[in-house]
Structure formats: C-alpha cells, structure tokens
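# Report on the structure
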Amino acid sequence: MAGSQDIEFEREFKRLMAEHGGMLVRFAASFERNRHARDDLVQDIMLAVWQALPAFRGESSIKTYVVGVAHRRCASHVMRAVAQPQHEELDEEWADQQPGPEALAGLNQQQQRLLAALRQLPVGQRQLVLLALEGMSYEEIAQLLGISVNNVGVRLNRAKAALKERLEER
C-alpha cells in the first residue's frame, strides 16, 4: 500500500511544480544573480517543498505554503551569502531564453530593469513586492509573514515607492 501512496505523492508534487515551478524560479531569480547558483537555489527550494509537503495541514492555500517554504529557503540562502560574500559579474540570463519576435526585446529589457531594481530593495521590501507580483492577496501575505493585513498594505506601498524610485533612476 505504501507504494501507491508514494506514487500519489509524486503525482501531487509534479502537479505542484507544474503549477508553481515558474513562480519558484522567479523567486530564486530575485535573490540570486548567478545563473548556476540560481539553478542550485531552485533545486534547493524544490527539495525543501518535497520534504515539507507531508507537513501541509491545509491551514492556508497550497500556494501560500509553497511560497512560505521558498521564502524560508531564499532567506537561508541570503544569510549564507552574507556570511560568505562572493564577487561575481552580473548574470543577465535570468529571463526565459526561448527565442521570440523582436517585440519581446523591449519587454525583456523592462523585465531586466525591474529585476535589477527589485534586487536593490531591502529583503523585506523585496519579498513583499514579489509576493504581490505572484498574485498573493494581502491576507495570504499577512499570514505568511506574520503581520497584520493593514501592515502589509503600508509596507507594500513603501516598497512600491522605493521600487518606483529605483526604476526612475535608470
């Protein structure tokens, strides 16, 4: 019987990664510039989700749970990076590498500007903007961060203003 439970667990995990994998990649990209380190971070996040999934009790949406796991893994990654600073060139290969029409060039440039500006924000502001960009509600963000819904609104407005200021500098 355990074999069928394992198969069902694997199916659920694959479904979650198909549904939320892109979000996890974007999350990692906002914390790590180096493509290879970013790929490793994505793998770490996916492994952490795999390990944490059995503990999911349905007290929040699965998306909120997965983002919480990703957030904690990225925070750990940042703490390790701060402890061991590395000097690397800026890796601009974070965007999807699939070829597209020239019209996508402008969008790609905008995405790169946004990501660069987002990386300049303090971690607390960065995570709020990321969670909002991923479509999470103020309630979900409040639950994930352990703050009030009103505090989410106030902090998010400050983060948006800081992000706008950085974008205008470019």
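Everything discussed here concerns the structure shown above.
First things first, this report covers the structure right here in the doc. (Residues numbered from 1 in each chain as written. Predicted model: local features only at pLDDT ≥ 70, side-chain atom pairs only at ≥ 80, totals over all residues. Heavy atoms only, no water.)

### Topic: the packing of helix α6 (residues 138-145) against helix α7 (residues 149-169)
For any two helices packed against each other, one specifies the crossing angle of their axes together with the interaxial distance. The test is simple: Here an angle of 0 to 180 degrees is reported between the N-to-C directions of two axes, which are lines fitted to C-alpha atoms, with helices fitted over the stretch in contact. The way it works is that DSSP assigns letters per residue, a run of H or I at least four long becomes a helix, a run of E at least two long becomes a strand, and they are numbered from the N terminus. Orientation is classified from the angle alone, with under 35 degrees giving roughly parallel, over 145 giving roughly antiparallel, 65 to 115 giving roughly perpendicular, and any other angle giving oblique. By the convention used here, residues are in contact when the closest approach between their heavy atoms is within 4.5 Å. Residues are grouped as follows: nonpolar covers Ala, Val, Leu, Ile, Met, Phe, Trp, Tyr, Cys and Pro; charged covers Asp, Glu, Lys and Arg; every other residue, Gly included, is treated as polar.
At their nearest, the axes of α6 and α7 sit 8 Å apart, and the two run at 100° to each other. Here α7 runs roughly perpendicular to α6, going by the angle between their axes. Taken together, the residues of α7 that come into contact with α6 (itself represented by Y138, E139, I141 and A142) are V149, V152, G153 and L156. Here the contact of α6 with α7 is composed, by residue class, of 6 nonpolar, 1 polar and 1 charged.

### Details of the pattern of salt bridges
How we decide: Between Lys or Arg on one side and Asp or Glu on the other, a salt bridge is scored when a side-chain nitrogen of the former is within 4 Å of a carboxyl oxygen of the latter.
Per the stated rule, a full pass over the model turns up 5 salt bridges. If you follow the salt bridges from partner to partner, you end up with E12, R15 and E19 in one network.

### A word on helix α2 (residues 35-52)
What counts is decided by this rule: How far a helix is expected to stretch is found by multiplying one less than its residue total by 1.5 Å. Here a polar contact is taken to be a pair of N or O atoms separated by no more than 3.5 Å, where protein atoms must pair a possible hydrogen donor with a possible acceptor and residues adjacent in sequence count only if both atoms sit in side chains.
Between the first and last C-alpha of α2 there are 25 Å, a value that for 18 residues agrees with the 26 Å anticipated at 1.5 Å per step. Two or three places before H36, at the opening of α2, N34 has a side-chain oxygen 2.9 Å from that residue's backbone nitrogen.

### Points about the packing of aromatic side chains
By convention here, two paired aromatic rings are described through the distance between centres and the angle between planes. Selection criterion: Between 30 and 60 degrees the pair is tilted, below 30 it is stacked and above 60 it is edge-to-face, where a pair is any two Phe, Tyr or Trp rings, Trp via its six-membered ring, whose centres lie within 6.5 Å. Only protein chains enter the accessibility calculation, which uses a 1.4 Å probe. A residue is then buried if its area is under 20% of the maximum for its type, exposed if over 50%, and partly exposed in between. A ring has a charge above it when a Lys NZ or an Arg CZ is no more than 6 Å from the ring centre and no more than 35 degrees off the ring normal.
Scanning the model with the defined rule gives 4 aromatic pairs in all. Residues F27 and F31 carry aromatic rings whose centres are separated by 5.9 Å and whose planes lie at 35° to one another, so their mutual orientation is tilted. Residue F27 and its partner F31 are both found in helix α1 (residues 2-31); the two are separated by 4 residues, about one turn of the helix. Between the aromatic rings of F56 and Y65, the centroid separation amounts to 4.9 Å while the plane-to-plane angle is 55°, which identifies the pairing as tilted. What makes F56 partly exposed here is its relative accessible area of 27%. Residue class for Y65 comes out buried when judged on its relative accessible area of 18%. By the ring-pair criterion, three or more aromatic residues cluster together here, those being F9, F13 and W50. Between R126 and the ring centre of F31, over which it is positioned, the NZ or CZ distance is 5.0 Å.

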